[in-house]
Amino acid sequence: MAVAPATCAAVAVVAALAVLAAPPGACGLGRDDFPPGFLFGAATSAYQIEGAYLDDNKGLNNWDVFTHTHAGKISDGGNGDIADDHYHRYTEDVDILHNLGVDSYRFSISWARVLPSGRLGGVNSAGIAFYNRLIDALLQKGIQPFVTLNHFDIPHELETRFGGWLGAAIQEEFVYYSDICFRAFGDRVRFWTTFNEPNLFTRFQFVLGVYPPNHCSPPFGNCSSGDSGREPYIASHNILLSHAAAVHNYKANYQAKQGGSIGIVIAMKWYEPLTNTTEDVRAARRAQSFEVDWFLDPIFFGDYPRDMREIISSNLPKFTPQEKKLLQMNKVDFIGINHYTSIYAKDCIYSPCKLDTYEGNALVYTTARRNGKQIGGSTAFDTYFVVPKGIESAVMYVHDRYKNTAIYITENGYSQHSDTNIKELIINDVERVNYLHDYLSYLSSAIRKGADVRGYFVWSIVDNFEWTFGYTVKFGLYHVDFDTQERIPRMSATWYKDFLTGCRQADGLQVQSRRADS
Ligand code: BGC
């Protein structure tokens with residue numbers, strides 16, 4: 001194969017570095033370690049990659065407005081106006097996915113692109129046409145679309161009309177929006193999820209106030225309005241009821257003829273007790289209850305977990321008997337877990353501690369250090385650590401609690417800083433290769449222990465707009481040069497491809513490295 005000299009040199013340097021750092025070969029771990037039909041994929045979300053924020057009649061969403069009015073709240077002042085320009089380059093991105101050998105691509109639909117001003121405005125046919133083109137392009141390459149209806153962004157109009165997720169009126173809006181998507185795309189989409197990480201975004205929006213609409217109260221932060229002890233629970237209540245009504249509609253009117261499935265995606269850290277005292281063991285359990293059970297218990301059992309009802313007390317809204325029935329009758333077909341990290345949990349009921357992390361409402365303090373030692377390797381996020389066994393513990397927890405429910409790992413990935421311009425260093429992401437290999441190993445172990453895990457998606461296919469971190473942190477298998485929009489495969493892309501296609505490329509990499517060595 002003819003390779004341009006510059007590329008060839010870069011590959012050689014990367015390969016030489018790879019030998020020094022000895023990333024795991026893909027040949028050791030492979031598809032054979034996962035059940036037949038297991039879906040391997042990569043994930044993105046609309047606001048983080050699409051750009052084209054004003055194109056073709058798209059309406060403004062909460063993130064468009066927030067990044068423009070609160071640029072100081074984003075590390076580099078960045079926004080998603082252009083991002084990866086995926087709206088115009090989606091065919092190139094589909095080719096990249098195809099070349100990697102993935103079975104599925106997880107992406108989200110921009111609500112404001114489909115309904116620029118919500119239910120009261122018209123449907124934007126250009127928005128529908130874009131997602132039709134994307135879905136068709138994926139299917140032509142044999143890639144299953146795995147579609148998220150809501151990944152943090154809502155039409156700005158809904159924020160101004162009734163306070164977004166704080167207003168009960170949003171339930172009807174979400175059902176209307178999801179119905180349009182089922183009707184327009186459901187003939188070709190086999191995998192739907194209603195929400196991405198409602199348990200994370202409500203905390204970021206209403207406990208810490210770092211996401212729009214920037215609401216919080218002390219000790220969590222100083223925002224101009226908000227109530228960190230109450231608002232996250234009002235929002236989550238509206239989200240749960242929106243979810244249940246949308247699932248009900250899908251199951252009643254679409255599922256039988258379209259043959260798809262529907263689930264919800266929850267963010268899930270693994271909480272390890274800081275010490276083996278009963279108090280810390282209970283604190284770790286309680287933190288999980290406030291993280292995962294908060295959303296999944298109502299869906300599976302019809303109500304919030306008991307410790308939440310006791311601690312949050314009158315600030316936690318109550319479900320009516322009818323709502324409980326709606327929730328339980330419309331169980332999800334699968335649970336999506338986004339898992340990145342683990343952390344230690346310390347009790348704050350019996351011993352006083354600072355309650356300013358978002359686990360504060362659970363009376364839990366989290367820390368990465370036990371006896372001075374960090375729980376795992378560092379990443380670009382100072383609260384995310386590399387603890388591969390955590391994915392096994394997280395999956396087993398969900399498997400045990402929500403029995404017989406299929407699980408997809410809808411996100412897992414490693415963040416690196418973007419503080420270097422040296423291409424070789426940006427591309428030589430040995431740490432990401434190690435991270436993916438080790439997390440996948442523990443995932444296969446959870447499957448051997450009986451968990452019904454059916455798919456795994458790397459976050460992310462390309463570097464993208466990382467919310468409040470802007471473009472300062474990178475998660476991509478592909479490096480993106482945001483000046484030129486060039487996508488450049490990292491070592492992890494080659495590794496994932498080898499993993500998926502069975503080592504053909506890995507042999508090539510070794511030959512290159514020997515050459516670089518001699
Ligand atoms: C979100 C993604 C985000 C990723 C890395 C998840 O919480 O779903 O949008 O980019 O984590 O921070």
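Reading guide: rules and limits
- Residues numbered from 1 in each chain as written.
- Predicted model: local features only at pLDDT ≥ 70, side-chain atom pairs only at ≥ 80, totals over all residues.
- Heavy atoms only, no water.
- Disulfide = S-S within 2.5 Å.
- Buried < 20%, exposed > 50% of the residue type's maximum accessible area, 1.4 Å probe, protein only.
- Axes fitted to C-alpha atoms, helices over the stretch in contact; angles between N-to-C directions.
- Helix = DSSP H or I, 4+ residues; strand = E, 2+ residues; numbered from the N terminus.
- Parallel < 35°, antiparallel > 145°, perpendicular 65-115°, else oblique.
- Left-handed = near helix turned anticlockwise from the far one by under 90°.
- Contact = heavy atoms within 4.5 Å.
- Nonpolar A, V, L, I, M, F, W, Y, C, P; charged D, E, K, R; others polar.
- Pairing = 2+ DSSP bridges.
- Phe/Tyr/Trp six-rings, centres within 6.5 Å; stacked < 30°, edge-to-face > 60°.
- pLDDT = per-residue confidence, 0-100.

Colleague: Any chance you could explain the state of the cysteines here in plain terms?
Modeller: What makes a disulfide is a covalent bond joining the sulfur atoms belonging to two cysteines. Enumeration over the complete set of coordinates arrives at 2 disulfides. The disulfide partner of Cys-216 is Cys-223, and the S-S distance across this bridge is 2.0 Å. Torsion about the S-S bond of the Cys-216 and Cys-223 cystine: about 100 degrees, corresponding to right-handed handedness. Judged by relative accessible area, which is 2%, Cys-216 ranks as buried. A disulfide bridge connects Cys-348 with Cys-353, and the sulfur atoms are separated by 1.9 Å. Residue classification places Cys-353 among the partly exposed positions, given a relative accessible area of 24%.

Colleague: Explain the packing of helix H17 (residues 430-448) against helix H18 (residues 491-501) here, please?
Modeller: The relative placement of two packed helices comes down to the angle between their axes together with the axis-to-axis distance. Contact geometry for H17 and H18: axes closest at 8 Å, N-to-C directions at 30 degrees. Looking at the two axes, H17 sits roughly parallel to H18. Of the two possible hands of crossing, H17 and H18 adopt the one that is right-handed. Residue-level inspection shows Val-430, Arg-432, Val-433, Leu-436, His-437 and Leu-440 of H17 in contact with H18, the latter providing Met-491, Ser-492, Trp-495 and Phe-499. Of the residues contributing to the contact of H17 with H18, the split by class is 7 nonpolar, 2 polar and 1 charged.

Colleague: Is there a simple way to explain the sheet that holds strand S14 (residues 406-411) in this structure?
Modeller: Adjacent strands of a sheet pair through backbone hydrogen bonds, lying either parallel or antiparallel. Here 8 strands make up a closed barrel; going around it, the order is S1-S2-S3-S4-S5-S7-S14-S16 and the pairing parallel. Recorded for the sheet is a direction-independent mean angle of 25 degrees between the axes of neighbouring strands. Looking at chain direction, strand S4 (residues 191-196) and strand S5 (residues 261-267) are connected through 4 bridges and run parallel. Of the residues in S5, the one forming a bridge with Asn-196 is Val-265. Sitting on the sheet, helix H8 (residues 170-185) is in contact with strand S3 (144-150), S4 and S5, with an inclination near 165 degrees to S3.

Colleague: Help me out: how do you make sense of the packing of aromatic side chains in this one?
Modeller: Given two aromatic rings, one states the distance between the centres and the angle between the planes to describe the pair. Scanning the entire structure with this criterion turns up 59 aromatic pairs. Between Tyr-435 and Tyr-439, the aromatic rings sit 4.0 Å apart at their centres with planes inclined by 20 degrees, giving stacked as the arrangement. Of the two residues, Tyr-435 and Tyr-439 are both situated in helix H17; the distance of 4 residues between them amounts to about one turn of the helix. Between Trp-495 and Phe-499 the ring centres are 5.5 Å apart and the planes differ by 20 degrees, which places this aromatic pair in the stacked class. With Trp-495 and Phe-499 both in helix H18, this residue pair falls 4 residues apart, about one helical turn. Overall, Trp-495 belongs to the buried group, its relative accessible area being 5%. By relative accessible area, which is 2% here, Phe-499 ends up buried.

Colleague: Got a minute to help me understand the environment of Pro-317 in this structure?
Modeller: Following the sequence through the fold, Pro-317 ends up in the loop between helix H13 (306-312) and helix H14 (321-329). According to the relative accessible area criterion, Pro-317 is partly exposed, its value standing at 23%. Along the backbone, Pro-317 and Arg-230 are 87 residues apart, and their C-alpha atoms lie at a distance of 9.1 Å. Dropping the residues within four chain positions of it, Pro-317 is found in contact with Tyr-233, Ile-234, His-237 and Tyr-304.

Colleague: Just to check I follow, could you spell out unusual backbone geometry for this structure?
Modeller: In this chain, Pro-212 is followed by Pro-213 through a cis amide linkage whose omega measures 15 degrees. When you line up the elements, Pro-213 lands in the loop between helix H9 (198-206) and helix H10 (231-253). Residue Ser-460 is bonded to the preceding Trp-459 through a cis peptide linkage, with omega at 10 degrees. Along the chain, Ser-460 falls in the loop between strand S16 (453-459) and strand S17 (473-474). For Phe-152, which is not a glycine, the phi torsion comes out positive at approximately 80 degrees. Position of Phe-152 relative to the elements: it lies in the loop between S3 and helix H7 (156-162). Positive phi is not limited to glycine here, since Gln-485 has a value of about 65 degrees. Along the chain, Gln-485 falls in the loop between strand S18 (478-481) and strand S19 (486-489). With relative accessibility at 6%, the residue Gln-485 sits in the buried group.

Colleague: Please explain the sheet that holds strand S8 (residues 342-347) as it appears in this structure.
Modeller: The sheet built from 3 strands is open, its strands ordered S6-S8-S9 with mixed pairing. Sheet topology places strand S6 (270-273) and strand S9 (364-367) at the edges, where each strand pairs with a single neighbour. Strand-to-strand twist in this sheet, taken as the mean axis angle between neighbours without regard to direction, amounts to 45 degrees. Bridge count for S6 against S8 is 4 bridges, and the pairing is parallel. The partner of Glu-272 across the bridge, within S8, is Tyr-344.

Colleague: Could you clarify how one ought to interpret the confidence of the model for the protein in this entry?
Modeller: Segments scoring low in pLDDT should not have their predicted coordinates read at a detailed level. Across the protein, pLDDT averages 92, with 92% of residues at or above 70. In the predicted structure, residues 1-20 sits below a pLDDT of 50 and forms 19 contacts with residues beyond four places in sequence or in another chain. Across residues 504-518, confidence stays below pLDDT 50; counting only partners more than four residues off in sequence or on other chains, it has 13 contacts.

Colleague: Looking at this model, I keep getting lost on the pairing of strand S2 (residues 104-108). Mind explaining?
Modeller: The side chains of a regular strand alternate between both faces of the sheet. Among the 5 residues that make up S2, 5 are buried, leaving the element largely enclosed by the rest of the structure. Because side chains alternate across S2, one face comprises the buried residues Ser-104, Arg-106 and Ser-108, and the other comprises Tyr-105 and Phe-107, equally buried. Across 3 bridges, the pairing between strand S1 (residues 39-43) and S2 is parallel. Residue Ala-42 lies in a different strand from S2, and its bridge partner there is Tyr-105. Strand direction decides the pairing type here: S2 and S3, joined by 5 bridges, are parallel. Looking at S3, one finds that Ser-108 is bridged to Thr-148.

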